[in-house]
Structure formats: structure tokens, C-alpha cells
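Reading the structure
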Amino acid sequence: MTDLRLGRRALLGGAVAIGAAPALARTGDDTDWHALAKDVRAEMQWAWSHYRAHAFGLDQIRPISGGADRFPLKTQHVGLTLIEAMDTLWVMGLDAEFAAALAWTRTHLDFAIDGEVSVFETSIRIVGGLLSAHHACGAPHLLAKARDMADRLLPAFATPTGLPYRFVNLKTGAVRDPATNPAEIGTFLPEWGTLSRLAGDPRYHDTAKRAVVALFERRSKIDLLADTIDAVSGRWLGRRASVGSGADSYYEYLWDGWQLLGDADCKRMYDVCTRAILHYQQDRRGGQLWFADVDFETGARLSTEQDELAAFYGGLLAQGGARATGAAYTRAWVSVQDRFGILPEGYDYATGAPTQVTNALRPELADAAFNHWLLDHDVAWRIVGRDHFLAMKRWNRAPFGYADIADVTTRPMRQADHCPAYWWSEQMKYYYLLFSDTPRFDYQTNYLSTEGNVLLGFRPADGSSLN
Ligand code: DMJ
């Protein structure tokens, strides 16, 4: 443990390790990364075998009891985990598992359901998952189903502002809840732009872009966005500017619109928003860099509490060119991982205390490490990903898969009987790509969505996935 910390401190330049981290591997230098990738793959295969045996085609396996729960519909399963897992199975070379999932999608995907879904969650997970699986294997029905789902979500955008309602009925198109937020407004463009390109229909792209711009145009005089807005009137309902929950992927998709689609408007909007965030929200304390929540019109500080969801943001800043600032923010989160082993869902950097002791099996720190590593190939980021993976294996592994944590401050950590479907699409893929050097992925030219869906960068299968 000591060696690990010395190694990390030397490599990352000063993250302060406090408290008890789990007993992880000791240094970065002697880690066999390809062996670690094989371990990630074996864990995916093991978890998938339980999903296959106990919950195949259901939304989310319950990893402690072996039951299943539904999401994003309350009344019916749509196979969410299967859809989210497919491109991860493919890139890991789990070809028999991928083929079984693909066969299921040929006969079971039916979205004509009289029930309500979150427009944002359904798009990033189901439209994105189907598009990435289509990118992996080219099966036409996956693209057709992605389009079918996007068509069912489109009525949510029929507002005077172009900002979407939060919920829509998949069969009737009835909409509900206009009190929405930047993330649920602006996290569509990469998937819907890809869909427009593949389907030859500009409606998806144009609808997504209109919403992004409509929100940007409502920014304050100091270029910040608040956390709640009415999609019908376009009036702000809240005042909190944050890089965490409710805002996170809005900023991510501004950059991604530029990265994936070459959209210069997105780059300009990203630059304007990021300049304001760095000016008003950056807070350097005790050698660490954090981002405070502030009032979106005055810049006055509101809170020093951070959502774990914001831990992705250092990777985004680095992608956008602010590499040192992004690395400093990710290092701040690494110090929290060192203390608790698993990041708490909420953390107050002023007091150093968790404000929410749960963890919903979150991928954000692994996401940031992977994005940093893609940029500079510094082994330090592999070490962050390794520690994240090994801590997860130690604390989140349950009888039938991987589980949320009910309290990260207890030893052993108390688990909760839930496995979010994003687990299959996000951290397992980030770890594997970070450690494996797989020839199935183009490490130079690629694009991963906010849900970890690969929309660009898969290479044809050649029979070997690990050297
Ligand atoms: C995922 O659905 C996506 O990463 C989203 O952008 C944020 N929340 C979860 C993971 O925590």
C-alpha cells in the first residue's frame, strides 16, 4: 500500500493520501497491464454468465438476490443491460456472448410500449447502446431500432423553445414535466447526429442541436447556466451553476459535438462555458483544485459540496485543452478514492466529509483516467484506473455480479442489491481499453459517448483481442 501511494504521488505530482485505502497492487511499474485486462474481461464474462442465467433480456440484475429490476420503464423490461453491454462484450472479444445478445435483439426488441420513460436516460442508454452495437457488427436491425426509439422520443422536443420535456410515453407520445436541466436538454447531439448520418435524415441532428443552442442562448451575462429551467417558457427555475449532477454531460456534449461532428458552434459554446466555469467556480484549497457551486448570475459561492458525478470533469477539461487544470481536478478525486476506497456519492471539500455515503457503482473517475490516458499515455492514469478496478472488485463484487454500495464508510462496505446497467457499458469498457491495447479499438481516432458507447473507433475483429 505504501509503495502504491509513493508510486502514485511520484507519478501524479503530489496527491495527498489520507486514511485507509484497500490493499491494492503495489506499483505501476511492475503491473502486467495485459494480465489486468484479462482479469477485467474475466470479471465481465463472470458477471454476464449470471445475467444470462438469471435475468437475460431483463433490465437490471439484482446482484445480491439474483432478481431483476426495471428501468427505464416502471412496468415492463426492455433488455437495458443487454443493450448497454453489447459493445463492451464485442470489444473484449467475448464473441459468443455478443452473438447470443445479438440474436436476442433480432426477435425481442419492441419499443411500442404504453409507458413513460426519461427522454435523456433512454437516449444515452438505448439509442446510444444500439448505435454502438451497430458500429461493432453492422447489423441493420440495430440501426432501425435505434431510429425507432429516437422517433418515439422526438415528441418531447415539440416545445416553443426546443428544450425537451423530461418524460415521454413511448406509444402515445404524451409528454410530462417541463422542469428540466442542462444535462437532460443537451445530451443528445453525438447519438442523434450519428443517427442522422446513418439514416440520411437530418431531423435527429437538427432537433438535438436546436436544444443545445436554445439553452446556451439563455446563459447569464457572466456565461453560466443554472440547474433548472422550464422547457415551455424558457424561464430559469433555479440559480445553482454546477459541473455535477444536472449539468455534467451538457458541457461534455458541447466538446463532443466538436470532437465527433466537427461542429464549430459546439466548440465556441464549449469555450464560452468553460472560460466562465474556470473563472467563477474554480476553488484551490489545501493544494487541491475543486469546482464550487455558484450563483449563475453573480458568481457568488453557494456550496463546496461535490457530486461524484463531477469526477468525470477533469478528463473533459484535458480533452478541451486545459490539461494541467483537468489533471489537478482528477487528482483531487484520486485523493478521495485513496481515503475511502470507493468514492462517496457526495463529498464536501471544505470539511473533507462525505455528504452522501452511498455509491451507485459509478464510472466517473475511471472515465476521467481513460480520457487523460488517451491524451498523454502517462502510466499514472493506468494506475488510477487499476486502483478503481481493484477497489471495485474488492468491495462491489456480490454473488450474482457487481453491486452498489450502501455505505462506503463501513468495513466491510455494505452493499445494495442493485447493478445499474451503465456498469456494463462504462467502467468495464474503460478499464479494458485502458489496460489491454486491444487491436479492436483505434486509440488515435475514436469517440465514446457519455454512457461509454463507442460511436467511432472500433476496428474489424481479427480473432485476437489481447497481445
Ligand atoms: C451514466 O448514465 C452517464 O455517465 C451519465 O452521463 C451520468 N450518470 C451515469 C453514470 O454515473
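Residues numbered from 1 in each chain as written. Predicted model: local features only at pLDDT ≥ 70, side-chain atom pairs only at ≥ 80, totals over all residues. Heavy atoms only, no water.

1. Some details on the sheet that holds strand 3 (residues 116-118)
Strand order in the open sheet formed by three strands is 3-4-5, with antiparallel pairing between adjacent strands. In this open sheet, the two edge strands, each paired with only one partner strand, are strand 3 and strand 5 (175-176). Bridge count between strand 3 and strand 4 (residues 167-169): three bridges; the pairing is antiparallel. By the bridge assignment, Ser118 is partnered in strand 4 with Phe167. Strand contacts of helix 5 (residues 119-137): strand 3 and strand 4, with the helix running at about 75° to strand 3, the strand carrying the most contacts. (Pairing = 2+ DSSP bridges. Helix = DSSP H or I, 4+ residues; strand = E, 2+ residues; numbered from the N terminus. Contact = heavy atoms within 4.5 Å. Axes fitted to C-alpha atoms, helices over the stretch in contact; angles between N-to-C directions.)

2. Remarks on the site of the ligand
Looking at the ligand, the residues that line it are Ile124, Arg125, Leu309, Arg362, Pro363, Glu364, Tyr422, Glu426, Thr450 and Glu451. Between the ligand and Arg362 there is a distance of 2.7 Å, counted from an oxygen atom to a side-chain nitrogen or oxygen. The contact in question runs from an oxygen atom of the ligand to an N or O atom on the side chain of Thr450, over 2.7 Å. At a threshold of 2 Å from the grid points, most atoms of the ligand map onto the largest pocket. Looking at side-chain class alone, the shell around the ligand contains four nonpolar, one polar and five charged residues. (Near = heavy atom within 4 Å. Polar contact = N/O pair within 3.5 Å; in protein donor to acceptor, adjacent residues only side chain to side chain. 1 Å grid on protein atoms, 1.4 Å probe; cavity = no way out; pocket = protein on both sides within 12 Å on 5 of 7 lines; lining within 4 Å. Sits in = over half its atoms within 2 Å of the grid points. Nonpolar A, V, L, I, M, F, W, Y, C, P; charged D, E, K, R; others polar.)

3. A word on the packing of aromatic side chains
Summed over all chains, the structure comprises 33 aromatic pairs. Aromatic pair Tyr250 and Tyr251: ring centres 5.7 Å apart, planes at 85°, arrangement edge-to-face. Each member of the pair, Tyr250 as well as Tyr251, is classed as buried. Among the aromatic residues, those joined into a cluster by ring pairs are Trp290, Phe291, Phe312, Tyr313, Tyr329, Trp333, Phe340, Tyr347 and Tyr349. Across from the ring centre of Tyr204, 5.2 Å away, lies the NZ or CZ of Arg203, which sits over that ring. (Phe/Tyr/Trp six-rings, centres within 6.5 Å; stacked < 30°, edge-to-face > 60°. Buried < 20%, exposed > 50% of the residue type's maximum accessible area, 1.4 Å probe, protein only. Lys NZ or Arg CZ within 6 Å of the ring centre and 35° of its normal.)

4. Here's the deal with the pairing of strand 9 (residues 282-285)
Looking at chain direction, strand 9 and strand 10 (residues 288-291) are connected through four bridges and run antiparallel. From the neighbouring strand, Gln282 faces strand 10, where its bridge partner is Phe291. Where strand 9 folds back onto strand 10 in an antiparallel hairpin, the turn is made up of two residues, including Gly286, whose phi is positive at roughly 50°.

5. Let's talk about the sheet that holds strand 11 (residues 293-295)
In spatial order, the strands read 8-11-12; together these three strands make up an open sheet with antiparallel pairing. Each of the sheet's edge strands pairs with one partner strand only, and the pair in question is strand 8 (240-241) and strand 12 (301-303).

6. With respect to the pattern of salt bridges
Side chains that differ in sign of charge can pair as their charged atoms come close. Considering all chains together, one arrives at 28 salt bridges under this definition. Its salt-bridge partner being Asp265, residue Lys209 comes within 2.9 Å of it at the nearest N-O pair. Residue Lys209 is found in helix 9 (residues 203-216), and its partner Asp265 is found in helix 11 (residues 264-280); the two are separated by 56 residues along the sequence. By relative accessible area, Lys209 is classed as buried at 15%. Assessed through its relative accessible area of 36%, Asp265 is described here as partly exposed. One salt bridge in this structure joins Arg285 and Asp283, with 3.2 Å as the shortest N-O distance. What makes Arg285 partly exposed here is its relative accessible area of 34%. A relative accessible area of 7% means that Asp283 is categorised as buried. (Salt bridge = Lys/Arg side-chain N within 4 Å of Asp/Glu carboxyl O.)

7. What to know about the nonpolar core
Counting residues in hydrophobic clusters, the biggest one holds 150 residues, and the most contacted among them are Trp192 and Trp424. At 10 residues, helix 2 (residues 33-55) tops the list of elements feeding residues into this core. Those residues in contact with Trp424 that lie beyond four places of it in its chain are Met44, Ala47, Trp48, Tyr51, Ile61, Thr81, Glu84, Ala85, Thr88 and Cys419. (Core = buried A, V, L, I, M, F, W, Y, C linked by side-chain atoms within 4.5 Å.)

8. A few points about helix 15 (residues 379-395)
Over its 17 residues, helix 15 extends 24 Å from the first C-alpha to the last, a length consistent with the 24 Å expected when each residue adds 1.5 Å. Of all 17 residues in helix 15, 14 are buried, a share of seventy percent or more. For helix 15, the side-chain oxygen to backbone nitrogen distance between the N-cap and Ala380 is 2.9 Å, and the N-cap itself is Asp378. (Expected span 1.5 Å × (residues − 1).)

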